[in-house]
Amino acid sequence: MSSLSHKIAAAVYTHKIEGGAVIAVLEKYRLTALLPEICTILKQIFEKEKEGKSVVIHTPFFLSDEAVSHIKKKIGAEHATSRVILKKNLLAGFKATYNNTLYDGSAERIIKQFISN
């Protein structure tokens, strides 16, 4: 498999890039031959996500690659694929799901802990 196809598929998945934009770039650089492989890789990524083998992070702001790596390390998922979803209704922090377990590092949870004590 092509490393370039993997990188493109990962970018499409992580940044929710629309199909039309991907096709336009592939056509511009005459890389449309990669499209079937990219689609196959994306299907594999989505299947892993369904199985809970992918880390899905909800956060109110953009996360750097370092921040995503740090979260994945904290929850024991260093080698898992990841997806960051911006949720503006979160005050701060993040909520991550991995292996069907919710890891709540949100400000909402911390505030609730203070209130309940």
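Residues numbered from 1 in each chain as written. Predicted model: local features only at pLDDT ≥ 70, side-chain atom pairs only at ≥ 80, totals over all residues. Heavy atoms only, no water.

Chemist: So what about the side chain of Lys 72? Which residues, and what values?
Modeler: Position of Lys 72 among the secondary structure elements: in helix H4 (residues 65-74). At 2.6 Å, the side chain of Lys 72 forms a polar contact with the backbone oxygen of Ala 80. (Helix = DSSP H or I, 4+ residues; strand = E, 2+ residues; numbered from the N terminus. Polar contact = N/O pair within 3.5 Å; in protein donor to acceptor, adjacent residues only side chain to side chain.)

Chemist: Explain the packing of aromatic side chains to me, and be specific about the residues and the numbers.
Modeler: Applying the stated rule across the entire model yields one aromatic pair. Ring centres of Tyr 13 and Phe 46 lie 5.3 Å apart, and the angle between their planes is 75°; this geometry places the pair in the edge-to-face category. Separated by 33 residues along the polypeptide, Tyr 13 in helix H1 (residues 3-15) and Phe 46 in helix H3 (residues 35-50) bring together distant segments of the chain. Sitting over the face of the ring of Tyr 13, Arg 83 holds its NZ or CZ atom 5.0 Å from the ring centroid. (Phe/Tyr/Trp six-rings, centres within 6.5 Å; stacked < 30°, edge-to-face > 60°. Lys NZ or Arg CZ within 6 Å of the ring centre and 35° of its normal.)

Chemist: Summarise the layout of surface pockets; cite the residues concerned and give the values.
Modeler: Quantified by volume, the largest pocket comes out at close to 330 Å³. Thr 14, His 15, Phe 62, Leu 63 and Val 84 are, among the 13 residues lining the largest pocket, the residues nearest its centre. Looking at the lining of the largest pocket, the elements with two or more residues in it are H1, H4 and strand E2 (81-86). Its residues placed into classes, the lining of the largest pocket shows six nonpolar, four polar and three charged. (1 Å grid on protein atoms, 1.4 Å probe; cavity = no way out; pocket = protein on both sides within 12 Å on 5 of 7 lines; lining within 4 Å. Points joined across faces, edges and corners; volume = space filled by probe spheres on them. Nonpolar A, V, L, I, M, F, W, Y, C, P; charged D, E, K, R; others polar.)

Chemist: Residues and numbers for the pattern of salt bridges, please.
Modeler: Under the criterion given, the structure shown has two salt bridges. We note a salt bridge from Glu 108 to Lys 95, for which the minimum N-O separation is 3.5 Å. On the criterion of sequence distance, the pair formed by Glu 108 in helix H5 (residues 107-116) and Lys 95 in strand E3 (residues 93-98) is long-range, its members being 13 residues apart. On the basis of relative accessible area, Glu 108 is assigned to the partly exposed category, the value being 36%. When salt bridges that share partners are traced, they join Lys 95, Glu 108 and Lys 112 into one network. (Salt bridge = Lys/Arg side-chain N within 4 Å of Asp/Glu carboxyl O. Buried < 20%, exposed > 50% of the residue type's maximum accessible area, 1.4 Å probe, protein only.)

Chemist: Before we move on, can you summarise the side chain of Arg 83 with the specific residues and values?
Modeler: Note on placement: Arg 83 falls in strand E2. Since its relative accessible area comes to 15%, Arg 83 is described here as buried. Once you skip the residues sitting within four places of it in the chain, Arg 83 turns out to touch Tyr 13, Lys 16, Phe 46, Glu 49, Val 55, Val 56 and Ile 57. (Contact = heavy atoms within 4.5 Å.)

Chemist: Please give an account of unusual backbone geometry that cites residues and values.
Modeler: Positive phi values are uncommon outside glycine, yet Asn 99 reaches one of about 50°. Judged by relative accessible area, Asn 99 falls into the partly exposed class, the value being 43%. For Asn 100, which is not glycine, the phi dihedral falls at a positive 60°. Positionally, Asn 100 belongs in the loop between E3 and strand E4 (101-106). Exposure remark for Asn 100: the relative accessible area of 66% places this residue in the exposed category.

Chemist: Kindly report on the pairing of E3, identifying the contributing residues and their values.
Modeler: Bridging between strand E1 (residues 54-59) and E3 involves three bridges; their strand directions are antiparallel. Paired with Ile 57 across the two strands is Ala 96, which belongs to E3. Taken together, the six bridges between E3 and E4 define a ladder with antiparallel strand orientation. Across the sheet, residue Tyr 98 finds its bridge partner in E4, namely Thr 101. Connecting the antiparallel pair E3 and E4 is a turn made up of two residues, with Asn 99 showing a positive phi of about 50°. (Pairing = 2+ DSSP bridges.)

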